[in-house]
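One letter stands for each residue in the lines below.
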Amino acid sequence: MKEQKKNKPVSKSNKISRRALLGGVVAAAVLPVNSIFAKHIQTAAPVAPEPLEDPTKVIGPGPSAQGKRSAFEHPVRKFSETSSRSPLQDFHSTITPADLHYERHHAGIPAIDPQKYELLIHGMVERPMKFTLAELKRFPAVSRICFLECAGNFRGGKEDLTPQDILGLTSQSEWTGVMLSTLFREVGVDPKASWFLAEGSDAAVMTRTVPVKKAWDDAMVVYAQNGEAIRPEQGYPVRLLLPGWEGNMNIKWLRRIEISDEPYMTREETSKYTYPVKDRIRMFSFEMDARSIITFPSYPQKIMPGWVEIRGIAWSGRGKIVKVEVSTDAGETWQDSGLQEPVLSKAHTYFRHLWQWDGSPTEILSRAVDETGYIQPTLKQLAEARGTAMGGYHMNPITSWQIKADGSTWFKPE
Amino acid sequence: MKIKIVVGTVLLGLILFHHVIAQQPPALTSKNEVGHPSRFGFGRLATTTEIALWDIDVRPDGKGLPAGQGNALKGKAIYTIKCMACHGNNDTDLSKIKPPAPLLVSDTLAKSRPKAIGNYWPYATTLFDYIRRSMPYNQPGSLTDNEVYSLTAYLLYANKILKQDQVLNANTLPAIVMPAKKLFIMDDRKGGPEIK
């Protein structure tokens, strides 16, 4: 009961529409208002029950309408005004609980009535059409496990960073929906079409241009995440899913697709999700290159001499992970780790490597290899290829953890 | 080819029939589409009014630009009231003040920071498209087309790309060549052993 009371501010806050929150304030006050809203959510952590001396002597609570995480477990996203990061160090396998999926949105989370929802597909088509949510669900459904990752998923610079801090802008779900190709056949896409615009119905009316080729390959229009309806912050009721491609393109709250024969050059694909490569600026970087990180041991965990199972995740936007190599001697030598089956294309893949730590200080690293033969690079290799002003997008360097003599683990800044 | 017409209006039925004669759909190749008909007949035709209501995008070639016009002088007045609180006064020394929203003015190329319209935006049409769909941040979609033309004109003027009295409309906006356009290259990464 105590817990329910604690949770109340959240449901109350959710009833206030974003527009009502923002409507009456001057522009300069927008960001602080968001902060106040966010603090309400932060106070809603469950309170642990009094631990029982002997749980076998007291009858516990019975079944309920909706389960909760153990009150002794507190995995939380770390959030700012515009994004939240998944607690990768708290996960033991690769499906991200939906309430811990990372977020990045550009003008808040819209509240969309599923009864009124419609997806419009028009432009270079035989028949411009609208589909309700119920109609989208009538089409043959497909489920797919794949990762999402923000193209700006990279932090460094200091030792006290957790995996969540460094690259928590990636998560994985099982998504269910209809293949975009099925919808494209339904509207009769012009064979001369080469691009399509995807548009969200958030206050940013987010837009990105996507090659039509991706629709014929593996793009989906999805309405379910890990078996249930998509979370509001993931695009409820419907989002675009482009397996392996940068998160921003996977338009949430999808309301419109326009088929075209040239790209639209939207703000996000020109002035934002682009990066300097030597004296040029690289645009339309869609695929997320292969990457990995050791999530155990990692800061602020501590290990003891003896057997340690090094654990982590690896992924590639270009296909399957074929190998994750681990080094326990600061990159001198590398051994193949074990990959948890099944290894899926464009999906987080769990790796494990058994190591006997002798108690001497060292560094541990992992590097992913994908089915195209791409080997996760060092930061130095990326800088050599792109120049030192390479910016923060599509950075996937090898992450190194320092193990000190006392067993404490620290990120190694470069 | 087997066609299943589930939505039963006569009009839609005729269009479905016409479709099959007129166009060969791409082959059903994906493993997810084995056994599918060429169409399911779900959904309905969108009306031109419905499309016009949502179709607010603008392409670099000017497709999608509405009627109307604006200039930098009018734009500056709107900017002062509706944009400056977040984006700052573009006349102020940028090194001293950091507004909450991205800075918009910079008149030199690539090397200079921060990234702004003058040194980092490859297409002028993007400004119109973005301002119209999502600005001001606290009142998105509230500007008239003329106001958006004027704001676009002002921001181009402040970045030394447009003259103050130049009229911006559906003809003149797509003709503007942005200084940063020559810097942009398409992605050349392609997997495999090469680090790019």
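All values derive from a computational prediction rather than experimental measurement.

**Q** Give me the lowdown on the overall build of chain A, citing residues and values where you can.
**A** Looking only at helices and strands, chain A has nine helices and 24 strands in total. Within chain A, buried positions represent 57% of all 414 residues. At a minimum sequence separation of 6, the contacts of chain A that also span at least 24 residues come to 71%. A total of about 17,500 Å² of accessible surface is found on chain A, and carbon and sulfur atoms cover 55% of it.

**Q** Tell me what's going on with the interface of chain B and chain A, and back it up with residues and numbers.
**A** Of the residues lining the interface, 65 residues belong to chain B; the matching set on chain A comes to 82 residues. Of the roughly 6,500 Å² buried between chain B and chain A, counting both surfaces, carbon and sulfur atoms make up 57%. Of all residues in chain B, the largest losses of buried area upon contact with chain A belong to Trp54, Tyr137 and Arg189 of chain B, amounting jointly to 13% of the total for that side. Where chain B meets chain A, there are 12 salt bridges. Between Arg59 of chain B and Glu262 of chain A there is a salt bridge, with the nearest N and O atoms lying 3.8 Å from each other. The interface formed by chain B and chain A includes 28 residue pairs in polar contact (both at pLDDT 80 or more). Sorting elements by how many residues they give to the side of chain B that touches chain A places helix α6 (residues 125–134) of chain B first, with five residues. Looking at the side of chain B that touches chain A residue by residue, the classes come out as 32 nonpolar, 13 polar and 20 charged.

**Q** Would you mind going over the pairing of strand β7 (residues 170–179) of chain A in detail, with residue names and values included?
**A** All names here are of chain A. In terms of residue burial, β7 counts as a mostly covered element, since nine of its 10 residues are buried. In this structure, strand β6 (residues 142–149) lies alongside β7, joined through eight bridges in antiparallel fashion. Across the sheet, Phe147 pairs through a bridge with Gln172, a residue of β7. For β7 and strand β10 (residues 220–225), the ladder comprises five bridges, and the chain directions are antiparallel.

**Q** Give me the lowdown on helix α7 (residues 145–158) of chain B, citing residues and values where you can.
**A** Residue and element names in this part refer to chain B. An ideal rise of 1.5 Å per residue puts 20 Å on 14 residues; α7 measures up with 20 Å between its terminal C-alpha atoms. Counting buried positions along α7 yields 10 of 14 residues, so the element is predominantly enclosed. Along α7, the positions that sit buried rather than exposed are Val148, Tyr149, Ser150, Leu151, Thr152, Ala153, Tyr154, Leu155, Leu156 and Ala158. Remark: Lys160 follows α7 within two positions and exhibits a positive phi of approximately 60 degrees.

**Q** Account for the packing of aromatic side chains, naming residues and giving values.
**A** On inspection of all chains with the given rule, the structure shows 17 aromatic pairs over all chains. On the basis of an interplanar angle of 45 degrees and a centroid distance of 6.4 Å, the ring pair of Trp355 of chain A and Trp357 of chain A is categorised as tilted. By relative accessible area, which is 9% here, Trp355 of chain A ends up buried. Ring geometry for Phe128 of chain B and Tyr149 of chain B: centres 4.6 Å apart, planes at 50 degrees, overall tilted. With a gap of 21 residues between them, Phe128 of chain B in helix α6 and Tyr149 of chain B in helix α7 connect regions that are remote in the sequence. Its relative accessible area of 0% is what places Phe128 of chain B among the buried residues. Grouping aromatic residues by their ring pairs yields a cluster made of Phe131 and Phe139 of chain A together with Phe40 and Phe42 of chain B. Between the NZ or CZ atom of Lys130 of chain A and the centre of the ring of Trp54 of chain B, over which it lies, the distance is 4.5 Å.

**Q** Could you give an account of the sheet that holds strand β14 (residues 275–277) of chain A, with specific residues and numbers?
**A** An order of β14(A)-β15(A)-β4(B) is seen for the three strands of this open sheet, with the pairing classed as mixed. The sheet is open, and its two edges are formed by β14 of chain A together with β4 (184–186) of chain B, each paired on a single side. When strand polarity is set aside, the average angle formed by the axes of neighbouring strands in this sheet is 45 degrees. Summarising the sheet, strand β15 (residues 280–283) of chain A and β4 of chain B pair through three bridges and their orientation is parallel. Within β4 of chain B, the position partnered with Ile281 of chain A by the bridge is Phe184 of chain B.

**Q** How would you sum up the side chain of Gln89 of chain A? Please name residues and give values.
**A** All names here are of chain A. Within the secondary structure layout, Gln89 lies in the loop between β2 (83–85) and β3 (103–104). Looking at Gln89, its side chain comes within polar contact range of the side chain of Gln164, at 3.0 Å. Setting aside its immediate chain neighbours within four residues, Gln89 contacts Thr162, Pro163, Gln164, Thr295, Ser298 and Gln301.

**Q** Now, about the pattern of salt bridges: what can you tell me, with residues and values included?
**A** Applying the stated criterion across every chain, the model contains 48 salt bridges over all chains. The partner of Arg208 of chain A in a salt bridge is Glu269 of chain A, with the nearest N and O atoms 3.4 Å apart. One end of the pair, Arg208 of chain A, is in strand β9 (residues 207–211); the other, Glu269 of chain A, is in helix α8 (residues 267–272), and 61 residues separate them in sequence. For Arg208 of chain A, a relative accessible area of 1% corresponds to the buried category. Overlapping salt bridges bring together Glu199, Arg255, Arg256 and Glu258 of chain A together with Asp55, Asp57, Lys63, Asp129 and Arg133 of chain B as one network.

**Q** Give me the lowdown on the nonpolar core, citing residues and values where you can.
**A** The biggest cluster of nonpolar side chains holds 84 residues, and the ones touching the most others in it are Leu180, Leu183, Phe196, Val221, Leu240, Leu254 and Ile259 of chain A. A total of eight residues in this core trace back to one element, the largest contributor, which is α7 of chain B. Residues within four places of Leu180 of chain A in sequence aside, it is in contact with Phe196, Ala215, Ala219, Met220, Val221, Leu240 and Ile257 of chain A. By size, the runner-up hydrophobic cluster in this structure holds 36 residues, among which are Phe91, Val324 and Trp357 of chain A together with Ile195 of chain B.

**Q** Let's hear about the sheet that holds β2 of chain A: which residues, and what values?
**A** An order of β1-β2-β3 (chain A) is seen for the three strands of this open sheet, with the pairing classed as antiparallel. Two strands in the sheet have a free side with no partner beyond their single neighbour: β1 (78–79) and β3 of chain A.

**Q** Mind laying out the confidence of the model for chain B, listing which residues take part and the relevant values?
**A** Put simply, chain B has an average pLDDT of 83, and 77% of its residues get 70 or more. Within the model, pLDDT remains below 50 along residues 1–25 of chain B, and this stretch shows 36 contacts once partners closer than five positions in the same chain are excluded.

**Q** Quick rundown of the packing of α6 of chain B against α7 of chain B? Include the residues and the values.
**A** Residue and element names in this part refer to chain B. Two elements in contact, α6 and α7, have axes separated by 9 Å at closest approach and are oriented at 130 degrees. Judged by the inter-axis angle, α6 sits oblique to α7. Taken as a pair, α6 and α7 cross one another with a handedness that is right-handed. In this structure, α6 uses Leu127, Phe128, Ile131 and Arg132 to contact α7, whose residues at the interface are Asp145, Val148, Tyr149, Leu151, Thr152, Leu155 and Leu156. Grouping the constituent residues of the contact of α6 with α7 by class yields eight nonpolar, one polar and two charged.

Cut-off values and rules
- Residues numbered from 1 in each chain as written.
- Chains lettered and ligands numbered in written order.
- Predicted model: local features only at pLDDT ≥ 70, side-chain atom pairs only at ≥ 80, totals over all residues.
- Heavy atoms only, no water.
- Helix = DSSP H or I, 4+ residues; strand = E, 2+ residues; numbered from the N terminus.
- Buried < 20%, exposed > 50% of the residue type's maximum accessible area, 1.4 Å probe, protein only.
- Contact = heavy atoms within 4.5 Å.
- Areas by Shrake-Rupley, 256 points an atom, 1.4 Å probe, with all protein chains shown as cover.
- Buried area = accessible area lost by both parts, 1.4 Å probe.
- Salt bridge = Lys/Arg side-chain N within 4 Å of Asp/Glu carboxyl O.
- Polar contact = N/O pair within 3.5 Å; in protein donor to acceptor, adjacent residues only side chain to side chain.
- Nonpolar A, V, L, I, M, F, W, Y, C, P; charged D, E, K, R; others polar.
- Pairing = 2+ DSSP bridges.
- Expected span 1.5 Å × (residues − 1).
- Phe/Tyr/Trp six-rings, centres within 6.5 Å; stacked < 30°, edge-to-face > 60°.
- Lys NZ or Arg CZ within 6 Å of the ring centre and 35° of its normal.
- Axes fitted to C-alpha atoms, helices over the stretch in contact; angles between N-to-C directions.
- Core = buried A, V, L, I, M, F, W, Y, C linked by side-chain atoms within 4.5 Å.
- pLDDT = per-residue confidence, 0-100.
- Parallel < 35°, antiparallel > 145°, perpendicular 65-115°, else oblique.
- Left-handed = near helix turned anticlockwise from the far one by under 90°.

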